[in-house]
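Letter by letter, the chains look like this.
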Amino acid sequence: LGLAKLMALDEVKQNPQLLNSCCVSLVALLNLLPATGKVEEEGSDDDAPLADMGAGLEFEVSFSKLRNTDLPGAQSGLAPDVPDLHAAAKAVLKPNFGPAVMQLAQANAELQPLAIFLQ
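Residues numbered from 1 in each chain as written. Predicted model: local features only at pLDDT ≥ 70, side-chain atom pairs only at ≥ 80, totals over all residues. Heavy atoms only, no water.

### Quick word on the overall build of the chain
- A tally of regular secondary structure across the chain gives five helices and zero strands.
- For the chain, the sequential pattern of α-helices and β-strands runs α-α-α-α-α.
- Going through the 119 residues of the chain one by one, you find that 23% of them count as buried.
- Contacts in the chain between residues far apart in sequence, at least 24 positions, make up 62% of those at least 6 positions apart.
- Working note: accessible area of the chain is about 10,000 Å², and carbon and sulfur atoms make up 55% of it. (Helix = DSSP H or I, 4+ residues; strand = E, 2+ residues; numbered from the N terminus. Buried < 20%, exposed > 50% of the residue type's maximum accessible area, 1.4 Å probe, protein only. Contact = heavy atoms within 4.5 Å. Areas by Shrake-Rupley, 256 points an atom, 1.4 Å probe, with all protein chains shown as cover.)

### Examining the environment of Ala4
- By secondary structure assignment, the location of Ala4 is in helix H1 (residues 2-7).
- Between the C-alpha atoms of Ala4 and Asn96, which are 92 residues apart in sequence, the distance is 9.3 Å.
- Setting aside residues up to four positions removed in sequence, Ala4 forms contacts with Val92, Leu93 and Phe97.

### Examining the packing of helix H3 (residues 16-29) against helix H4 (residues 85-107)
- Axis separation between H3 and H4 bottoms out at 11 Å; the angle between their running directions is 105°. Regarding the angle of H3 to H4, the classification is roughly perpendicular. Contacts between H3 and H4 involve Pro16, Leu19, Asn20, Cys23 and Leu26 from the former and Leu93, Phe97, Ala100, Val101 and Leu104 from the latter.
- Across the contact of H3 with H4, the residue classes tally to nine nonpolar, one polar and no charged. (Axes fitted to C-alpha atoms, helices over the stretch in contact; angles between N-to-C directions. Parallel < 35°, antiparallel > 145°, perpendicular 65-115°, else oblique. Nonpolar A, V, L, I, M, F, W, Y, C, P; charged D, E, K, R; others polar.)

### A short note on the nonpolar core
- In this structure, Met7, Leu19, Cys23, Leu26, Leu93, Val101 and Leu114 are the most contacted members of the largest nonpolar core, which totals 22 residues.
- Listed by contribution, the elements that provide at least two residues to this core are H1, H3, H4 and helix H5 (112-118).
- A per-element tally of this core places H4 first, with six residues.
- Beyond its immediate chain neighbours, meaning those up to four positions away, Leu114 contacts Cys23, Leu26, Val27, Leu32 and Val101. (Core = buried A, V, L, I, M, F, W, Y, C linked by side-chain atoms within 4.5 Å.)

See the structure below:
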């Protein structure tokens, strides 16, 4: 829903390339991609010896996590839970972006699932 609110800004609406990128992200966030049926293998190459002792690989710095992140007076959380995310997203997106998404979906096949979702 945050991305939908961001898309409502005039700067985003007036930039077709940015609006297209936001719509592609919405397809992924709403899990509208069709299932491919292909499952990745669980085998990992983490145990394989590294060439050149791993030189050139990125290094991830670990950090200590907070033990308690509860804020005083925020027992239920900072934002209410959305029971039906798809219905809420459709209610926000359809009136504001329905025609624009349909037009973008004609040129970009990645947006077809979002166009079908908003019909």
